[in-house]
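# Examining the three-dimensional arrangement
Listed here are the chains, written in short residue letters.
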Amino acid sequence: MKKLGFGLMRLPKTGEGEAAQIDFETVCTMVDRFLEQGFTYFDTAYMYMDYESENVFRRAVVERHPRESFTVADKMPTMFLKTREDLPRLFQEQQKKCGVDYFDYYLLHCLDTKHYKTARELDAFAFVSEMKRQGKVRQMGFSFHDTADVLDRILTDHPEVDFVQLQINYLDWDSETIQSRLCYETAMRHGKPVIVMEPVKGGSLAKVPPEAELLLRHADANASPSSWAIRFAAGLDQVMMVLSGMSTVEQLEDNIGYMKEFRPLNKEEQRLVGQVKDIIQASIAIPCTGCEYCTEGCPMQIPIPRHFARYNEYKKAPEQGLKLEETGGMPGDCIGCGQCEGACPQHLPIISLLEQVAQAAEGAR
């Protein structure tokens, strides 16, 4: 199986803001091309694309291609679990939306200390194991957003899992909060294959500072910045798959171009990536990946990732002014409830960051 997976989290859209719609025709074009080039792995989840990702997967893949031509991963949304009855209800809903009798890979979604506690209380691991026994799941795992010691505890408690999905990219490799390297090494100690999410960190490693891009282009004029990030992750020995949330045909073509005949980074290329990391870390004000987990349930309906993206643009070019997202609540509307911080996979201090953005917007007037 080729190591590039199609993440159905950032699908192409037409229109802007609240009027934006998934561009289904382009999705089909991308799906067909992906399969035509020998790639098979699709990754979706319950809440992706405003709860439409699973439906789009069914329409674009399941209803248009033979079942044996692709594999699919879906996830039990642990953040929505309240009772044991939610497990079969959500699973059956996902099967219906995806249009499949079985999932090749099925994960407990977004485990951290909080969601692991929920999973334990509701016997979520036992439920997925039973679905595997019944043939409705081929391999079981979980996606993870916490520290390496928490990962070690989960894998020790549940040796029955087949794989683990981790956030790994060269920017987070030695991060004290994300702990990409430490989590990867923990998975290795437990003998679990790794699926990589956020290899391009929400697109931030696809649009690197000019100084960093110059270094990369000098080394290989034809290689995109994102190709370096994905090759970094895919080159790790225990990585079985690297997910890329592709939004355009151009991104797809770029990815399949270098992943069809994959070669890992050599030592000189790894050294170069280290230089690029230092440049990027000095340029990013807020390391948000734009996953939008924080916006679910925000009482003030603040489009947090979009405000952060505009703020990052402003910090790079302050002379252009700070133009905040006009749809939804403003940063200054935050009431400090903390819902967003509990949901953030990057463990960002969102409340104080929103205050920082609000102050910058006031000063930029």
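Above this text you will find the structure in question.
What comes next concerns the included structure.

About the cut-offs
- Residues numbered from 1 in each chain as written.
- Predicted model: local features only at pLDDT ≥ 70, side-chain atom pairs only at ≥ 80, totals over all residues.
- Heavy atoms only, no water.
- Phe/Tyr/Trp six-rings, centres within 6.5 Å; stacked < 30°, edge-to-face > 60°.
- Helix = DSSP H or I, 4+ residues; strand = E, 2+ residues; numbered from the N terminus.
- Buried < 20%, exposed > 50% of the residue type's maximum accessible area, 1.4 Å probe, protein only.
- Salt bridge = Lys/Arg side-chain N within 4 Å of Asp/Glu carboxyl O.
- Core = buried A, V, L, I, M, F, W, Y, C linked by side-chain atoms within 4.5 Å.
- Contact = heavy atoms within 4.5 Å.
- Polar contact = N/O pair within 3.5 Å; in protein donor to acceptor, adjacent residues only side chain to side chain.
- Pairing = 2+ DSSP bridges.
- Right-handed = clockwise from strand over helix to strand, strands pointing away.

## A short note on the packing of aromatic side chains
Throughout the structure, instances matching the rule amount to 22 aromatic pairs. The interplanar angle of 70 degrees and the centroid separation of 5.4 Å between the aromatic rings of Phe6 and Phe34 together place this pair among those described as edge-to-face. With Phe6 in strand 1 (residues 4–7) and Phe34 in helix 1 (residues 24–36), this residue pair connects regions lying 28 residues apart in the sequence. For Phe34, a relative accessible area of 0% translates into the label buried. Ring centres of Phe91 and Tyr106 lie 5.1 Å apart, and the angle between their planes is 75 degrees; this geometry places the pair in the edge-to-face category. Here the residue Phe91 occupies a position in helix 4 (residues 86–98), and Tyr106 occupies one in strand 6 (residues 103–111), the gap between them amounting to 15 residues.

## Some words on the pattern of salt bridges
Under the criterion given, the structure shown has 23 salt bridges. Here Asp32 and Arg64 are joined by a salt bridge, their closest N and O atoms 2.7 Å apart. Highlighted residues: Asp32 in helix 1 and Arg64 in the loop between helix 3 (53–62) and strand 5 (71–76), separated in sequence by 32 residues. Its relative accessible area of 25% is what places Asp32 among the partly exposed residues. Its salt-bridge partner being Arg84, residue Asp123 comes within 3.1 Å of it at the nearest N-O pair. Placement of the pair is Asp123 in the loop between helix 5 (113–121) and helix 6 (124–133) and Arg84 in the loop between strand 5 and helix 4, with a sequence separation of 39 residues. Under the relative-accessibility criterion, Asp123 is labelled partly exposed at 39%.

## Looking at the nonpolar core
One finds Phe42, Phe57, Phe125, Phe142, Phe144 and Ile168 to be the most contacted residues of the largest nonpolar core, which totals 87 residues. What Ile168 contacts, discounting residues up to four positions off in sequence, is Trp173, Ser180, Tyr184, Val194, Val196, Met197, Glu198, Pro199, Phe232, Ala233 and Leu236. The next biggest cluster of nonpolar side chains, apart from the first, holds 19 residues, and it includes Cys298, Phe308, Ile350 and Leu353.

## Looking at the side chain of Glu269
With respect to the helices and strands, the residue Glu269 is situated in helix 12 (residues 267–281). Of the polar contacts made by the side chain of Glu269, one reaches the side chain of Arg231; its length is 3.0 Å. A polar contact of 3.5 Å, which involves the side chain of Glu269, links it to the side chain of Arg263. Dropping the residues within four chain positions of it, Glu269 is found in contact with Trp228, Arg231, Arg263 and Pro264.

## Topic: the pairing of strand 9 (residues 194–197)
Burial along strand 9 is two-sided: the face carrying Val194 and Val196 and the face carrying Ile195 and Met197 are both buried. Where strand 8 (residues 163–167) meets strand 9, four bridges bridge the pair, whose relative direction is parallel. Pairing of Val164 across the sheet is with Val194, part of strand 9. Where the polypeptide runs from strand 8 across helix 8 (residues 180–189) and back to strand 9, its parallel neighbour, the crossover connection is right-handed. Alignment of strand 9 against strand 10 (residues 239–244), held across three bridges, turns out to be parallel. Bridge pairing in strand 10 places Ile195 opposite Met241.

Just distances and angles here, no functional claims.
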